[in-house]
2 protein chains.
Amino acid sequence: MDNVQRLFEQEPFLHEPTELYEPIDYTLRLGGKRLRPALLMAVNQMMGGDPSNVSVAALGIETFHNFTLLHDDLMDKSPLRRGKPTIWNRWGENTAILSGDTMYALAWRYFLRKPHENLREILNCFNETAIEVCEGQQYDMNFETRNDVSLEEYMMMIRKKTAVLLAGAMKIGAMYAMADEESLRSIYDCGINMGLAFQIQDDLLDTYADQSTLGKAVGQDIRDHKKNYVILRALAMCPRLESAALQKLYNTPKHDQHSVEQILYIYNNLGVKAEAEKEIRRLLENAQNELENINVPNDRKTPLKELLAMLSGRKK
Amino acid sequence: MDNVQRLFEQEPFLHEPTELYEPIDYTLRLGGKRLRPALLMAVNQMMGGDPSNVSVAALGIETFHNFTLLHDDLMDKSPLRRGKPTIWNRWGENTAILSGDTMYALAWRYFLRKPHENLREILNCFNETAIEVCEGQQYDMNFETRNDVSLEEYMMMIRKKTAVLLAGAMKIGAMYAMADEESLRSIYDCGINMGLAFQIQDDLLDTYADQSTLGKAVGQDIRDHKKNYVILRALAMCPRLESAALQKLYNTPKHDQHSVEQILYIYNNLGVKAEAEKEIRRLLENAQNELENINVPNDRKTPLKELLAMLSGRKK
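Worth saying up front: this structure is predicted, and the values here are computed from it rather than measured. (Residues numbered from 1 in each chain as written. Chains lettered and ligands numbered in written order. Predicted model: local features only at pLDDT ≥ 70, side-chain atom pairs only at ≥ 80, totals over all residues. Heavy atoms only, no water.)

(A) Spotlight on the relation of the copies chain B and chain A. Expressed as a screw transformation, the operator carrying chain B onto chain A has a rotation angle of 180° and an axial translation of 0.0 Å, and the superposed copies differ by an RMSD of 0.0 Å. This pairing of chains is accounted for by a two-fold axis. Both copies share a contact surface, since 100% of the interface residues of chain B are interface residues in chain A too. (Least-squares fit on C-alpha atoms with pLDDT ≥ 70 in both. Contact = heavy atoms within 4.5 Å.)

Structural data, given as structure tokens:
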């Protein structure tokens, strides 16, 4: 993913008025995994595309992703992102709103920078993805105030909030390479499965990661009463009475060390971590199978397979 | 502008999740002047375009405009818009952020709905306009905390915040009709002059309109210590010492009826209303002259001229 990082290093983000662009520069240089553009470029390469045509889309998709993080952090009032203060936290809420809006427009500027015979379809794919991401964030917020969210509803939500953007990035990479409809479908489904696995991993890491590796507080979802895969799976695994008790414990108005540890103790007794890991493996195998379906020489799939393998073992 | 209103009435905005789309439906059905789409369509007609091709762009530009109002109202904490509660006021800040983001994406959906041989250039024009609007809003917020804003800086700000969107809408209408470069330039400059005139009228109306006609409180800019054309022109018209005194009076931490009336008294003594009206006439004449430059039969200019005439006499 170094080539993606280089793309960002070469881009100038500081313009007038600096109050608007300084937070954008800060956000886009914070780094992060650059996973979506890396996927976009790996798929483009797999389908025989020209890498020089697709770097604008890679920059566009990552800029869009960072815009969504910026506004999500504001809505969730998250103080830190990648171990650094978030935009609303450092510059205030209005700056977070407006710099975010501007980043969204900058994402479009990248996508529009180069002509392509498929451009309208590509932009449509990007835009419909963006709409689904917004819908996913709304469901996520709706779930905060509900106590009856099912695991199925949760999967629908993370599909929209997280998976469609990975899948959309990969499909766009393939569209730039003029891939056929069947390959586009396999690639998209591969991305959806990867995205779901990715989010469940995130949920697991929130509960079980090493805090210094993760760059943010561990157990934050519990303290925020956030529905994630771990709690919803645990609730689904419990018999009815125990489930109600766990629900009540999870909803403790203000968690302390003790209540968090009680929840972790229940998780361990249920073996929810192993179950979540099994689900992640299943989803990654689905992704792998979709990848096998794609009719290109095997060696061209190597970069994408490496990304998949890397995701399987990630620690943050 | 009835045809534009009909376009919006025919569009379905309510989808799932309703928490996201209900505020969008509310915003897009609130009405308003529908000025930007009306201008877009009038210019398209003037340049010999096909109205059925351009309705998507009309919907797109108005949806974008309403998105900017939604986020601006949130940033400014304005309680009312068109006499009705604003989104953040009725549904909360997070809904205002996310429904706004979604409206921005819906604007793109309209623009992408139909192919056009000039589509990439059209979308670029739309997007660069959007970026300038964001920059304009940032300058506007920057000016709130400054006491040395010049009339010149103010004109630069309203050019970005208001005028470029009118000009962009008109240029897009012409681009759909495949207008030549020279006409595009005249049309854009016509729009810039109209937009500046429009904003100065807004500023005048904020100070001098009839409250029930305007649909919001009169003198709100004074109470918010908002820099507008009227105060900046008044400051520029005063000798230095009086200017400092007016500045101080304008900055009164909490205005009451008396301090607002004192300011209006000074405005009247200076004759700032007449000066602002003279500037509006000058800008509308510039717009008129750009319109005369465009090489199409005179009768085709009638709808646009009627819009211009209507703007000259508006009361809200």
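(B) Structural view of the interface of chain B and chain A. Contact residues are listed per partner, giving 38 residues for chain B and 38 residues for chain A. Together chain B and chain A conceal approximately 3,600 Å² of surface at their shared face, both sides included; 62% is due to carbon and sulfur atoms. Contact with chain A buries surface across chain B, with Leu98, Leu112 and Arg120 of chain B losing the most and accounting together for 17% of the total. There are two salt bridges connecting chain B and chain A. Note that arginine 109 of chain B and glutamate 128 of chain A form a salt bridge whose closest N and O atoms lie 2.7 Å from each other. In this assembly, chain B and chain A are joined by 16 residue pairs in polar contact (both at pLDDT 80 or more). Going through the elements one at a time, helix H2 (18–29), helix H4 (51–76), helix H6 (93–112) and helix H7 (119–144) of chain B are the ones with two or more residues in the side of chain B that touches chain A. Here the side of chain B that touches chain A takes 14 residues from H7 of chain B, the largest share from any one element. Across the side of chain B that touches chain A, the residue classes tally to 20 nonpolar, eight polar and 10 charged. (Buried area = accessible area lost by both parts, 1.4 Å probe. Salt bridge = Lys/Arg side-chain N within 4 Å of Asp/Glu carboxyl O. Polar contact = N/O pair within 3.5 Å; in protein donor to acceptor, adjacent residues only side chain to side chain. Helix = DSSP H or I, 4+ residues; strand = E, 2+ residues; numbered from the N terminus. Nonpolar A, V, L, I, M, F, W, Y, C, P; charged D, E, K, R; others polar.)

(C) Structural context of helix H13 (residues 240–250) of chain B. All names here are of chain B. All of the buried residues along H13 are Ser243, Leu246, Gln247, Leu249 and Tyr250. Down the axis of H13, the smallest arc covering the buried residues is 165°, so these residues share one side. Residues of H13 that are exposed and angled more than 90 degrees away from the buried face: Leu241 and Lys248. Looking at the buried positions of H13, the neighbouring elements they touch are helix H11 (220–223), helix H12 (229–237) and helix H14 (257–270). (Buried < 20%, exposed > 50% of the residue type's maximum accessible area, 1.4 Å probe, protein only. Arc of directions from axis to C-beta.)

(D) Fine view of helix H15 (residues 272–293) of chain A. Residues and elements named next belong to chain A. For H15, which comprises 22 residues, the first-to-last C-alpha distance of 32 Å matches the rise-based estimate of 32 Å (1.5 Å per residue) to within 8%. All of the buried residues along H15 are Val272, Ala276, Glu279, Ile280, Leu283, Leu284, Ala287, Glu290 and Leu291. The buried residues of H15 all sit within an arc of 130° when viewed along its axis, so they share a single face. Those residues of H15 hidden inside the fold are in contact with helix H3 (35–46), helix H8 (151–176), helix H9 (181–208), helix H12 (229–237), helix H14 (257–270) and helix H16 (302–312). (Expected span 1.5 Å × (residues − 1).)

(E) Layout of the side chain of lysine 226 of chain A. Residues and elements named next belong to chain A. When you line up the elements, lysine 226 lands in the loop between helix H11 (220–223) and H12. Given the relative accessible area of 18%, lysine 226 is considered buried. Other than its neighbours up to four places away in sequence, lysine 226 contacts Asp76, Asp140, Glu144, Asp221, Ile231 and Tyr250.

(F) Examining the packing of helix H2 (residues 18–29) of chain A against helix H6 (residues 93–112) of chain A more closely. All names here are of chain A. Two elements in contact, H2 and H6, have axes whose closest approach is 9 Å; the angle formed by their N-to-C orientations is 70°. As summarised for this structure, H2 and H6 are arranged roughly perpendicular, according to the angle between their axes. In terms of crossing hand, the pair formed by H2 and H6 is right-handed. Seen from H2, the contacting residues are Glu19, Leu20, Tyr21, Pro23, Ile24, Thr27 and Leu28; seen from H6, they are Thr95, Leu98, Ser99, Thr102, Met103 and Leu106. Class assignment of the residues belonging to the contact of H2 with H6 gives a composition of eight nonpolar, four polar and one charged. (Axes fitted to C-alpha atoms, helices over the stretch in contact; angles between N-to-C directions. Parallel < 35°, antiparallel > 145°, perpendicular 65-115°, else oblique. Left-handed = near helix turned anticlockwise from the far one by under 90°.)

(G) Main features of unusual backbone geometry. Here the residue pair glutamate 16 of chain A and proline 17 of chain A is connected by a cis peptide bond, since its omega of -5° sits within 30 degrees of zero. By the element assignment, proline 17 of chain A lies in the loop between helix H1 (2–10) and H2. The phi angle at lysine 77 of chain A is positive, at roughly 55°, despite the residue not being glycine. Its place among the elements puts lysine 77 of chain A in the loop between helix H4 (51–76) and strand S1 (80–81). Located in the positive-phi region is arginine 34 of chain B, a residue other than glycine, with phi close to 50°. Position of arginine 34 of chain B among the secondary structure elements: in the loop between H2 and helix H3 (35–46). Under the relative-accessibility criterion, arginine 34 of chain B is labelled buried at 2%.

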